[in-house]
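One letter stands for each residue in the lines below.
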Amino acid sequence: MLESSGPTAARPLPNRRQVGAMLLGTLAAGVTRPAAAEPVVEDVRIVDFDWVDGARQRPVPVRLYWPNTSSLRRRVPLVVFSHGLGQSRTGYSYLGRHWSSHGIASLHLQHVGSDSSVWTGNPLALLDRIERAAQEREAIARARDLRFALDHLLVQDGGAFGDRIDPRRIVAAGHSYGANTTLIAAGARVVRDGHALQARDPRIAAGIVISAPPFYGERDLRAVLGAVEIPTLHVTATEDVIQLPGRTSPFSDRLAVYEAIATPRKSLAVFQGGSHSIFTDRPLTGGLNLNPQVKAATAAGTLAFLDLAFRGDPEPLRAWSSTWRPILAVAPAGYAGASLAQPAIATRGKDRTRAQPVEPL
């Protein structure tokens, strides 16, 4: 369970039959990229809290993006967002602002064992700090941060914000290490000495999984992720490569995580090109022009997915896929089985690439 926002390197596409068709269709299709979505006037309130989980003696700083409008009369959905390794509660602000400007509260956690403090201190001890941050103890602690933050906001906060959250529409979301945290909160588990290590939160009704690393050391991902039953949206890019000392995770690992989810209530969106860090607030990684487009598309796509997850309406996701098709390698149209809509599949031979009928995942 590890990630990095460091540099990424181009890798050949993985030899996966289910993905070859999508890449072939996209590469052969659009050459015109859509313009980034027009900026909207934000009506957002941002509040920082420095909470402490007394039972664990662990600080849990958070940033809340709150829909700042007097017209809100109904309870609002809530996204609980978990950052990647070396990030903080201030990161991924484009998502928090977008969600809250569309009436969805967003609570961004900071995980003190694997946050930006990893990069500070004696540079000679950097590898040790990264290794400690990647341990399964910290992975479970991050999921418990999520549970504590939900408890605090919904129960201890009183009427300021908690009473205005819709408990039926709570979403876990995260990037990279935070995607692992999302999956753990959704039901992922590993077995140690005959006992299951897990930290599922039954309040989580949907998951947004961006650039999920593998569960390092686990050979059977289906055993780890088979208990994840909530709807999930998986977002990645064909150049989404994680590189850290002693650990490298290619783009194909993101697909393996997606495939290991047992429930068909899952959707996959893959951008063509990009990088692992393109989903952070960093403005240049993955391409000067592509970076803002991927951010705008990701923010909009997550809202379309929530329409599918909470209202059973696939049309917004289909419309999103059509709008952003020129930069997508895989475009979801609904849940798995209906979502992989490309007409052909690529098989790479020595001399040519040929098309065959697509098979559903």
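Residues numbered from 1 in each chain as written. Predicted model: local features only at pLDDT ≥ 70, side-chain atom pairs only at ≥ 80, totals over all residues. Heavy atoms only, no water.

**Side note on the overall build of the protein**
Then, in step 1: In terms of regular secondary structure, the protein is built from nine helices and 15 strands.
Then, in step 2: Relative to its full complement of 361 residues, the protein shows a buried share of 56%.
Then, in step 3: For the protein, the exposed surface amounts to about 15,600 Å²; the carbon and sulfur share of it is 51%. (Helix = DSSP H or I, 4+ residues; strand = E, 2+ residues; numbered from the N terminus. Buried < 20%, exposed > 50% of the residue type's maximum accessible area, 1.4 Å probe, protein only. Areas by Shrake-Rupley, 256 points an atom, 1.4 Å probe, with all protein chains shown as cover.)

**Looking at the packing of aromatic side chains**
Aromatic rings considered in pairs are described by the distance between their centres and by the relative angle of their planes.
Then, in step 1: Enumeration over the complete set of coordinates arrives at eight aromatic pairs.
Then, in step 2: Taking the centre distance of 6.2 Å and the plane angle of 50 degrees together, the rings of Phe81 and Trp99 count as tilted. Placement of Phe81 in strand β3 (residues 76-82) and of Trp99 in helix α2 (residues 93-101) is noted, with a sequence separation of 18 residues between them. Across this residue pair, the class does not change: Phe81 and Trp99 are buried.
Then, in step 3: A centroid spacing of 6.4 Å and a plane angle of 80 degrees characterise the contact between Phe271 and Trp320, whose relative ring orientation is edge-to-face. Here the residue Phe271 occupies a position in strand β12 (residues 266-271), and Trp320 occupies one in helix α9 (residues 315-323), the gap between them amounting to 49 residues. (Phe/Tyr/Trp six-rings, centres within 6.5 Å; stacked < 30°, edge-to-face > 60°.)

**Examining the sheet that holds β3**
For sheets, the rule is that strands pair by backbone hydrogen bonds, running either parallel or antiparallel.
Then, in step 1: The strand order across the open sheet built from nine strands is β1-β2-β4-β3-β5-β8-β9-β12-β13, with neighbouring strands paired in mixed fashion. Only two strands of the sheet have a single neighbouring strand rather than two, namely β1 (44-53) and β13 (328-330). Ignoring strand direction, the axes of neighbouring strands in this sheet form an average angle of 20 degrees.
Then, in step 2: One ladder, built from six bridges, connects strand β9 (residues 232-237) with β12; its direction is parallel. Bridge pairing links Leu233 to Ser267 in β12.
Then, in step 3: Strand contacts of α2: β1, β2 (58-67), β3, β4 (105-109), β5 (165-175) and β8 (206-210), with the helix running at about 45 degrees to β2, the strand carrying the most contacts. (Pairing = 2+ DSSP bridges. Axes fitted to C-alpha atoms, helices over the stretch in contact; angles between N-to-C directions. Contact = heavy atoms within 4.5 Å.)

**Notes on the environment of Arg164**
Then, in step 1: Among the secondary structure elements, Arg164 is positioned in the loop between α4 (136-156) and β5.
Then, in step 2: Considering only alpha carbons, one finds Arg164 and Leu78, 86 residues apart in sequence, at a separation of 9.8 Å.

**Thoughts on the confidence of the model for the protein**
Then, in step 1: Across the protein, the average pLDDT comes to 81, with 79% of residues at 70 or higher.
Then, in step 2: Counting interchain partners and residues more than four positions distant, the pLDDT-below-50 stretch residues 1-39 has 115 contacts.
Then, in step 3: Predicted confidence is poor over residues 338-361, with pLDDT under 50, and the contacts of this stretch with residues over four places away or in other chains come to 53 contacts. (pLDDT = per-residue confidence, 0-100.)

**What to know about the packing of helix α8 (residues 290-311) against α9**
Then, in step 1: Closest axis-to-axis distance for the α8/α9 pair is 7 Å, and the angle between their directions is 155 degrees. Relative to α9, the element α8 lies roughly antiparallel. Judged by residue contacts, Ala297, Ala300, Gly301, Ala304, Phe305, Asp307 and Leu308 of α8 engage Pro316, Leu317 and Trp320 from α9.
Then, in step 2: Looking at the contact of α8 with α9 residue by residue, the classes come out as eight nonpolar, one polar and one charged. (Parallel < 35°, antiparallel > 145°, perpendicular 65-115°, else oblique. Nonpolar A, V, L, I, M, F, W, Y, C, P; charged D, E, K, R; others polar.)

**What about the side chain of His83?**
Then, in step 1: For His83, the location among the structural elements is in the loop between β3 and α2.
Then, in step 2: On the basis of relative accessible area, His83 is assigned to the buried category, the value being 1%.
Then, in step 3: A polar atom in the side chain of His83 sits 3.0 Å from the backbone nitrogen of His111.
Then, in step 4: Ignoring sequence-local partners within four residues, the contact set of His83 consists of Ser88, Arg89, Tyr92, Leu109, Gln110, His111, Ser114, Asp115, Arg142, His175, Tyr177 and Gly178. (Polar contact = N/O pair within 3.5 Å; in protein donor to acceptor, adjacent residues only side chain to side chain.)

**A short note on the pattern of salt bridges**
Pairs can form between side chains of opposite charge whenever their charged atoms are close.
Then, in step 1: All chains considered together, the criterion is met by 14 salt bridges.
Then, in step 2: The shortest N-O distance in the salt bridge between Asp50 and Arg89 comes to 3.1 Å. Of the two residues, Asp50 sits in strand β1 while Arg89 sits in the loop between β3 and α2, which places them 39 residues apart along the sequence.
Then, in step 3: Relative accessible area serves as the criterion here: at 59%, Asp50 is assigned to the exposed category.
Then, in step 4: Here Arg254 makes a salt bridge to Asp240, at a shortest N to O gap of 3.5 Å. Of this pair, Arg254 sits in helix α7 (residues 251-260) while Asp240 sits in the loop between β9 and β10 (242-244); the two residues are 14 residues apart in sequence, bridging distant segments of the chain.
Then, in step 5: Judged by its relative accessible area of 4%, Arg254 is buried.
Then, in step 6: For Asp240, a relative accessible area of 0% corresponds to the buried category.
Then, in step 7: Connected via shared salt-bridge partners are Asp53, Arg56, Arg58, Glu138 and Asp145. (Salt bridge = Lys/Arg side-chain N within 4 Å of Asp/Glu carboxyl O.)

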